[in-house]
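Tertiary structure, described
Letter by letter, the chains look like this.
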Amino acid sequence: MKKESSKKCSEVMEKYLALDKNQKVPFNISSHLMSCSKCRKEVRSLRLAERLCADSFSFKLPLEDNLIQGVLEQIDPKVKKRISFQEKVFRLWTIAGLILLLAFVLLVFVAKNFESRDLLMAIATVIAGFVTVWGVMYIVANLDFFIKRINSSLS
């Protein structure tokens, strides 16, 4: 059993180390890191070592976001498209959340007109289910962000 676990850990660590620095960590690696304390400790050690090495060489450049964006667009014209895609996805998440919130608010006002409490409870349960699914999907889609946020707050 330990041999299989060790083999799985080696495979996951190889995949993790093959990622670029700011590349999104795939779900299967994130889920393994959440469940395996040995690998999680190793990743923390690697991040700490990287941070310690980077701190000694860090210096601040007086660059503005517009200047960096211009340089990135000159290097790779697709950068602008990627950023706009991320903004569109965020807008879609926000719109979906607002629609669900609006559904709850409307349910409160419309609830007075319902004669059947069973139908009202069924509709409320369906809306609550949608909110739950929306929340889970949002967390799964942004799992890498949440893991990095948790790890940075623990360090």
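Looking at the state of the cysteines
- The final tally for this structure, using the stated rule, is zero disulfides.
- The closest cysteine sulfur to the non-disulfide-bonded Cys36 is located on Cys39, 3.6 Å from its own sulfur.
- Given the relative accessible area of 12%, Cys36 is considered buried.
- You can see Cys39 has no disulfide; the closest cysteine sulfur is in Cys9, sitting 3.4 Å from it.
- Take Cys39: its relative accessible area is 1%, and that puts it in the buried class.

A few points about the nonpolar core
- Within the largest apolar cluster, 11 residues are counted, these being Cys9, Val12, Met13, Tyr16, Leu19, Val25, Ile29, Leu33, Cys36, Cys39 and Val43.
- Of all the secondary structure elements, the ones that give two or more residues to this core are helix H1 (2-18), helix H2 (27-35) and helix H3 (37-57).
- Tallying contributions element by element places H1 first for this core, with four residues.
- Residues contacting Cys39, with those up to four places away along its chain left out, are Cys9, Met13, His32 and Leu33.

Regarding the side chain of Ser30
- Summarising the element assignment, Ser30 is placed in helix H2.
- Residue classification places Ser30 among the buried residues on the basis of a relative accessible area of 2%.
- Each residue touching Ser30, except ones within four places of it in the same chain, is listed here: Val25, Leu143 and Ile147.

Here we look at the packing of aromatic side chains
- Using the criterion set out here, one finds three aromatic pairs in the structure.
- With a centroid separation of 6.0 Å and 65 degrees between ring planes, the pair formed by Trp93 and Trp134 is classed as edge-to-face. In this pair, Trp93 is assigned in helix H5 (residues 78-110) and Trp134 in helix H6 (residues 117-141), connecting sequence segments 41 residues apart.
- Ring centres 5.3 Å apart and planes at 80 degrees place the aromatic pair Trp93 and Tyr138 in the edge-to-face group. With Trp93 in helix H5 and Tyr138 in helix H6, the pair connects residues that are 45 residues apart, well separated along the chain.
- Assessed through its relative accessible area of 26%, Tyr138 is described here as partly exposed.

What to know about the confidence of the model for the chain
- Predicted confidence across the chain gives a mean pLDDT of 78, with 78% of residues reaching 70 or more.
- Ranking the elements of the chain by mean pLDDT puts helix H4 (residues 65-75) last with 70 and H2 first with 88.

Quick word on the environment of Lys24
- Within the element layout of this structure, Lys24 appears in the loop between H1 and H2.
- Sequence separation between Lys24 and Asn142 is 118 residues, and the spatial gap between their C-alpha atoms is 9.3 Å.
- When residues no more than four places from it in sequence are discounted, the contact partners of Lys24 are Leu19, Ala141 and Asp144.

Cut-off values and rules
- Residues numbered from 1 in each chain as written.
- Predicted model: local features only at pLDDT ≥ 70, side-chain atom pairs only at ≥ 80, totals over all residues.
- Heavy atoms only, no water.
- Disulfide = S-S within 2.5 Å.
- Buried < 20%, exposed > 50% of the residue type's maximum accessible area, 1.4 Å probe, protein only.
- Core = buried A, V, L, I, M, F, W, Y, C linked by side-chain atoms within 4.5 Å.
- Helix = DSSP H or I, 4+ residues; strand = E, 2+ residues; numbered from the N terminus.
- Contact = heavy atoms within 4.5 Å.
- Phe/Tyr/Trp six-rings, centres within 6.5 Å; stacked < 30°, edge-to-face > 60°.
- pLDDT = per-residue confidence, 0-100.

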